[in-house]
Amino acid sequence: MAEAHPVGFRWVMKAKERGARVIHVDPRYGRTSQLADLHVPIRAGTDVAFLGGLIRHVIETESYFKEYVVNYTNASTIVCDAFRDTEDLDGLFSGFDSDSGSYDPASWGYEDCVVGFSAGVQEHATQAFSEHTGAGMDLGGVRHDDTLQDPRCVFQVLRRHFSRYTPEMVERICGIPPEQFMAVADALIANSGRERTGMFCYANGWTQHSGAVQMIRSAAILQLLLGNVGRPGGGIMAMRGHASIQGSTDVPTLYDLLPGYLHMPRAREGHLTLKDYIGVSKVDRGWWSHFEAYIVSLLKAWFGEAATKENDYGFGWLPKLTGNHSHFSTTLRTLDGGVEGLFVMGQNPAVGSQHAGLQRRALAKLKWLVVRDMAEIETATFWRDSPEVKSGEFRPEAIQTEVFLMPVASHVEKDGTFTNTQRLVQFRDKALDPPGDARSELWFMHHLAKRVKAHYAGSERRRDWPIVNLKWDYPEQGDIREPDVEAVMKEINGYDVATGSPVSGFDELRSDGSTACGCWIYSGIFADGVNQARRRDPGDINAEGGIVSPDWAWAWPANRRILYNRASADLQGRPWSERKRYVWWDEHEGKWTGYDVPDFPATKRPDYHAPADSHGMDAISGSDPFIMMADGRGWLFSPSGLLDGPMPTHYEPLESPMSNLLYPKLDGSPAAIRWHRPENPYHAAGDPRYPLVATTFRLTEHHTAGGMSRTLPWLVELQPEMFAEIDPQLAADRGIQDGDWMTILTERAEIEARAKVTDRIRPVRVDGRVIHQVALPWHWGYSGLSTGDTTNELVVLSGDPNVSIQDDKAFTCDVRAGRRQGPSTARLAGAALTGHQVRPNEDDPAAENPKQASG
């Protein structure tokens, strides 16, 4: 965090000054380690084993926050009799289909196999919905055991699941000695409970794995057990890599989401009408019972007067997903000739995406490519100066891709907002005009849309309806006709269709077409016609509760700074402690109050008990803080929503130097996405040719793939060239001297780097053997003031089954002394680049189920 998020890390240091204990778990000793109280080296990719060990320790020592766990989590809920755990099935959960490589989650439900009842699945929507998912699920009869003794209650299922994750097993898998493990466990327990809280912070060290979601789930389970969710100083902080990646996710840029985490319709699930779609999306209990109002208001914002009840508000014209259309699937489809054109905005796949050589080969199959950036990045020049051109594999005159390089405005050259990691939306004003033809993304998309609409104007073809009727009336300003940013914000906020008046929040959105809203979770950002994100009043930060600063900018939803903050009070609505006082029930006023906006119905009493036959928010009792879940509880066990199991399980990375000590029959997660193609070769577990573990990291002095930093001389001077960190023992074994050239090899490519021989990355002893690790920054490419090989050449395309993110924080490699022999991607130059052929506009059969492509 100190290395990659230094501005945010200042608050960690302020907390440390006030007595907080800072622990850094990371394969390498970096800038964060230097400032932490304890650094815990770990074998890359084994975090679930480590966190699972902590979960086991908390349960077995009865160190969990019992009153919180019993009443605020699903620990007491009885699980379906048909459920079988990984301990029963050699590493698999019940419902696994080996032919498709996927799970049927029907047996993961609560007693009587009630499953799919929470639109918590909408949190991310890559999962396939089934007939088990939808409205009307009856939870009134689900049985609980508040003693937590029933062998089929969630607590006991969880306990058994992690029973073998002992400190000794953690050491064998992760390389963490028991004394270090106990130091972490003791610190977490000491800083949890009524009086104290602890927080987890993570970034790509957890997200870029084939088991990424389950790693984060492990931390969530641990925090729920310790009572650290919904309380000040608790929770899990996802450190975002850019100033507004959170906003990008919210509105969103992900292929499988609509704004506000509404899932994209799916053709295979029969989402052909709005009723069909709502039928598997709206939930009968909890906050997602309002789903219909959010999707109808979104359609009204997009299609305006043309969206009517009679035409399903235009729902039939929304695209329907037919399979996995994530970045890697699209890359492979492009390689096979199934994509003609591509917009690249804010990324640099030629060096910044995994298996970079394959990315460039895919770009060469396009007919046209639009690149918008502040510099002439590698994605725009791949056709003339890539490693494949230098090797002779590419001939520039033979590449038919027409590249359009469009100059862009920087963040100081345009108005807009940043949504940071805590969901705080801050408006920024333009400081100066962009130079020359440089334009903002808003300008580009606005005027492109106007030209497209003009082209289709007057068309009566049914398929053209969404373009002809797209509501696109943003006012323009200045000589370059820049769209009014605040007009866009007003649409996102939502408004009454009849009067045009802004709504004050999502409580006012309706399902009858009388309101329009571009993103329901942002509703309220323009309440009362005022740009709430412009606010800059910190308040008296020294006053009681002053650290919340509710008048500084605006946070979604409803300006709440901590989600699920009902959990900061006990069952009776009293703060767990005066020290951690945050939100509480005011009996005199008959409502919830506090320093923050309560994340709970304001007048619902804490002693309200939901009748068994109640619906919507009436089905959430006054002691159920987690209102987005249909049972109002935090989930230690996930009966629906995840594709790789209801509980985290230790699986080795897809490429690992060793077998799974817990489940020896399995190599990697059985549900992970594997694209087995000649040009995407994997390393087998324990392959002696690749005995080392590679992991990637960021440098403070460079930004992501380097397009914004390798062109700046003062940053290049600070970090002038690509290097690799290796330990002294490995360097001696391979004859590598500090500062000399070394080569890193995988089946995909080989790259060269300067050797940094250092104790910052140390070998770990696992199961009686020493495993060396290699740490690689990934900021370099073949253009700019500082050039060098990109680490992403080495990485295989793979995917977490829930979110399709790759396994690049832990993969295997080898190293040797000296410079590479030939171009970095020459290893694949002769590989057959002829996967399954796809004609444009046809469905990719492998994309229907990526697992089938891996057979």
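Every chain's residues receive numbers from 1 upward, in the order its sequence appears when written. The model is predicted, so local features are restricted to residues of pLDDT at least 70 and side-chain atom pairs to those at 80 or more, both for listing and for counting; the totals for chains, interfaces and linings are taken over all residues. As a convention, hydrogens and water are excluded, and side-chain values are obtained from all of the structure's heavy atoms.

Some thoughts on the overall build of the chain
Okay, step 1: A tally of helices and strands in the chain yields 23 helices and 30 strands.
Okay, step 2: The C-alpha atoms of the chain give 27 Å as radius of gyration, which agrees with the globular expectation for 855 residues (29 Å, within 12%).
Okay, step 3: With the C-alpha coordinates of the chain rotated into their principal frame, the extents come out at 75 × 70 × 55 Å.
Okay, step 4: Burial analysis of the chain (855 residues in total) assigns 58% to the buried set.
Okay, step 5: When checking whether two residues touch, look at their non-hydrogen atoms; a contact exists if any pair is within 4.5 Å. Put simply, of all contacts in the chain between residues at least 6 apart along the chain, 71% involve residues at least 24 apart.
Okay, step 6: Areas reported here follow the Shrake-Rupley algorithm with a probe of radius 1.4 Å; residue values treat only the protein chains shown as occluding. As displayed, the chain has an accessible area near 34000 Å², and 51% of this comes from carbon and sulfur atoms. For helices the rule is a DSSP run of H or I covering at least 4 residues; for strands it is a run of E covering at least 2, with both sets numbered from the N terminus onward. As a reference, a globule follows 2.2 Å times the number of residues to the power 0.38, and the radius of gyration itself is taken over C-alpha atoms. Think of it in three bands: with a 1.4 Å probe and only protein chains considered, a residue is buried below 20% of the maximum accessible area for its type, exposed above 50%, and partly exposed in between.

Brief notes about the confidence of the model for the chain
Okay, step 1: Summary statistics for the chain give a mean pLDDT of 92 and a share of 93% for residues scoring 70 or more.
Okay, step 2: Per-residue confidence from the predictor is reported as pLDDT, which spans 0 to 100. Residue range residues 116-138 is modelled with pLDDT below 50. Its contacts to residues more than four positions away, or to other chains, number 83 contacts.
Okay, step 3: A low-confidence stretch, residues 832-855 (pLDDT under 50), is modelled with 46 contacts involving residues beyond four sequence positions or located in other chains.

Let's talk about the packing of helix 3 (residues 47-60) against helix 7 (residues 178-190)
Okay, step 1: Angles shown run from 0 to 180 degrees and are taken between the N-to-C directions of axes, each axis being a line fitted to C-alpha atoms and, for helices, limited to the stretch in contact. Relative orientation of the contacting elements helix 3 and helix 7 amounts to 55°, with a least axis distance of 10 Å. If you check the angle between helix 3 and helix 7, you find them oblique. Helix 7 is crossed by helix 3, and the crossing has right-handed handedness. Judged by residue contacts, Phe50, Gly53, Leu54, His57 and Val58 of helix 3 engage Phe181, Met182, Val184, Ala185, Asp186, Leu188 and Ile189 from helix 7.
Okay, step 2: The class makeup of the residues in the contact of helix 3 with helix 7 is nine nonpolar, two polar and one charged. Oblique is the label for any angle not covered by the other classes, which are roughly parallel (under 35 degrees), roughly antiparallel (over 145) and roughly perpendicular (65 to 115). Take the far helix as your reference; a near helix turned counterclockwise from it by less than a right angle gives a left-handed crossing, and one turned clockwise gives a right-handed crossing. Residue polarity follows a fixed list, in which Ala, Val, Leu, Ile, Met, Phe, Trp, Tyr, Cys and Pro are nonpolar, Asp, Glu, Lys and Arg are charged, and the others, Gly among them, are polar.

Thoughts on the packing of aromatic side chains
Okay, step 1: Only the six-membered ring of Trp is used, alongside the rings of Phe and Tyr, when aromatic pairs are assigned; centres must lie within 6.5 Å, and planes under 30 degrees apart are stacked while those over 60 apart are edge-to-face, with the rest tilted. Within this structure, the stated rule accounts for 37 aromatic pairs.
Okay, step 2: Ring geometry for Phe200 versus Trp206: centroids 6.2 Å apart, planes at 35°, classification tilted. In terms of burial, Phe200 and Trp206 fall into one category: buried.
Okay, step 3: With a centroid separation of 5.0 Å and an interplanar angle of 35°, the aromatic rings of Tyr277 and Phe315 are classed as tilted. On the criterion of sequence distance, the pair formed by Tyr277 in helix 11 (residues 274-279) and Phe315 in the loop between helix 12 (291-303) and helix 13 (327-335) is long-range, its members being 38 residues apart. No difference in accessibility class separates Tyr277 from Phe315, as the two residues are buried.
Okay, step 4: One aromatic cluster is present, built from ring pairs that chain together Tyr277, Trp287, Trp288, Phe291, Tyr294, Phe315, Phe506 and Trp520.
Okay, step 5: Distance and angle both matter: a charge sits over a ring if NZ of Lys or CZ of Arg is within 6 Å of the ring centre and within 35 degrees of the ring normal. Arg439 extends its terminal NZ or CZ atom over the ring of Trp443, reaching a point 5.3 Å from the ring centre.

Focus on the sheet that holds strand 9 (residues 341-345)
Okay, step 1: Only strands joined by at least two bridges in the DSSP assignment are considered to pair. Strand order in the open sheet formed by three strands is 9-10-11, with parallel pairing between adjacent strands. Where the open sheet ends on each side, the last strands, each with one partner, are strand 9 and strand 11 (402-407). Sheet twist, expressed as the average angle between the axes of neighbouring strands with direction ignored, equals 15°.
Okay, step 2: Where strand 9 and strand 10 (residues 368-373) come together, five bridges link them in parallel fashion. Bridge assignment links Phe343 to a residue of strand 10, and that residue is Val370.

Side note on the side chain of Arg674
Okay, step 1: Structurally, Arg674 can be placed in strand 21 (residues 673-674).
Okay, step 2: Counting rule applied: Lys, Arg positive; Asp, Glu negative; His and chain ends not counted. Within this document, salt bridges are pairs made up of a side-chain nitrogen of Lys or Arg and a carboxyl oxygen of Asp or Glu, the two lying within 4 Å of each other. It is Asp667 that comes nearest to the buried, bridge-free Arg674 among opposite-charge side chains, at 7.7 Å.
Okay, step 3: Here the side chain of Arg674 touches Ser669 through a polar contact of 2.9 Å, landing on its backbone oxygen. Here a polar contact is recorded for every N or O atom pair within 3.5 Å, except that within protein the pair must consist of a potential hydrogen donor and a potential acceptor, and residues adjacent in sequence are included only if both atoms are side-chain atoms.

Description of helix 5 (residues 154-161)
Okay, step 1: Buried residues dominate helix 5, accounting for six of its eight residues.
Okay, step 2: Within helix 5, the full set of buried residues consists of Val154, Phe155, Gln156, Val157, Leu158 and His161.
Okay, step 3: Lining the buried residues of helix 5 we find helix 3 and helix 9 (212-226).

Thoughts on the environment of Leu272
Okay, step 1: Position of Leu272 relative to the elements: it lies in the loop between strand 8 (262-263) and helix 11.
Okay, step 2: By relative accessible area, Leu272 is classed as exposed at 58%.
Okay, step 3: Taking the C-alpha atoms as reference points, Leu272 and Trp592, separated by 320 residues in sequence, lie 42 Å from one another.

Notes on the sheet that holds strand 12 (residues 416-419)
The strands making up a sheet associate through hydrogen bonds between their backbones, and the pairing can be parallel or antiparallel.
Okay, step 1: Spatial strand order, 12-13-18: three strands in an open sheet with antiparallel pairing. With partners counted over all chains shown, the strands left at the sheet margins are strand 12 and strand 18 (554-555), one partner each.
Okay, step 2: With four bridges connecting them, strand 12 and strand 13 (residues 424-428) associate as antiparallel partners. Residue pairing in the sheet places Thr417 in a bridge with Phe427 of strand 13.

What about the packing of helix 3 against helix 9?
Okay, step 1: Between helix 3 and helix 9, the shortest axis-to-axis distance is 9 Å and the interhelical angle comes to 15°. Considering the angle they form, helix 3 stands roughly parallel to helix 9. For the crossing formed where helix 3 meets helix 9, the hand is left-handed. Only Gln214, Met215, Ser218, Ala219, Ile221, Leu222, Leu225 and Leu226 of helix 9 make contact with helix 3, whose side of the interface consists of Asp47, Val48, Leu51, Leu54, Ile55, Val58 and Ile59.
Okay, step 2: Within the contact of helix 3 with helix 9, the residues separate by chemical class into 12 nonpolar, two polar and one charged.

Details of the pairing of strand 20 (residues 591-594)
Okay, step 1: With four bridges connecting them, strand 19 (residues 583-586) and strand 20 associate as antiparallel partners. If you follow Trp585 over to strand 20, its bridge partner there is Trp592.
Okay, step 2: Hairpin connection between strand 19 and strand 20: a loop of four residues separates the two successive antiparallel strands, and Gly590 in this loop has a positive phi of roughly 70°.

With respect to the nonpolar core
Okay, step 1: Only buried Ala, Val, Leu, Ile, Met, Phe, Trp, Tyr and Cys residues count toward a nonpolar core, and they belong to the same one when joined by side-chain atoms within 4.5 Å. Of all hydrophobic cores here, the largest spans 138 residues; its most connected members are Leu225, Leu262, Ile295 and Trp520.
Okay, step 2: Setting aside its immediate chain neighbours within four residues, Ile295 contacts Leu258, Leu262, Leu274, Tyr277 and Ile278.
Okay, step 3: Among the nonpolar cores identified, the runner-up in size contains 26 residues, and Ala694, Met722, Ile751 and Val815 belong to it.

Focus on the pattern of salt bridges
Okay, step 1: Going through the model one piece at a time under the given rule, you end up with 49 salt bridges.
Okay, step 2: A salt bridge links Arg31 to Glu3; the shortest N-O distance between them is 2.6 Å. Taken together, the positions of Arg31 in helix 2 (residues 31-35) and Glu3 in the segment before helix 1 (6-17) put the pair 28 residues apart, joining distant regions of the chain.
Okay, step 3: Note on Glu3: relative accessible area 11%, which makes it buried.
Okay, step 4: We note a salt bridge from Arg43 to Glu652, for which the minimum N-O separation is 2.9 Å. Taken together, the residues Arg43 in the loop between strand 2 (38-40) and helix 3 and Glu652 in the loop between strand 20 and strand 21 connect sequence positions 609 residues apart.

A few points about the environment of Arg633
Okay, step 1: Take Arg633: it is sitting in the loop between strand 20 and strand 21.
Okay, step 2: By relative accessible area, Arg633 is classed as buried at 15%.
Okay, step 3: Taking the C-alpha atoms as reference, Arg633 lies 10.0 Å from Thr77; in sequence the two are 556 residues apart.
Okay, step 4: Not counting the four nearest positions on each side in its chain, Arg633 is found in contact with Val70, Asn71, Tyr72, Thr73, Asn74, Ser76, Asp624 and Phe626.
Okay, step 5: A distance of 2.9 Å separates a polar side-chain atom of Arg633 from the backbone oxygen of Thr73.

Some remarks on a nonpolar patch on the surface
Okay, step 1: Each patch is built from residues lacking any salt bridge and having more than 30% relative accessible area; the joining distance is 9 Å for like charges and 5 Å for nonpolar side chains (Val, Leu, Ile, Met, Phe, Trp, Tyr). Taken together, the side chains of Phe343, Met345, Trp368, Phe404, Met445, Leu448 and Val452 make up a nonpolar region of the molecular surface, amounting to roughly 540 Å² of accessible area.
Okay, step 2: Looking at the nonpolar patch, the elements that each hand over two or more residues are strand 9 and helix 18 (441-456).
Okay, step 3: Top contributing element to the nonpolar patch by residue count: helix 18, with three residues.
Okay, step 4: Of note, Val452 is situated in helix 18.
Okay, step 5: Val452 gets classed as partly exposed once you look at its relative accessible area, which sits at 32%.

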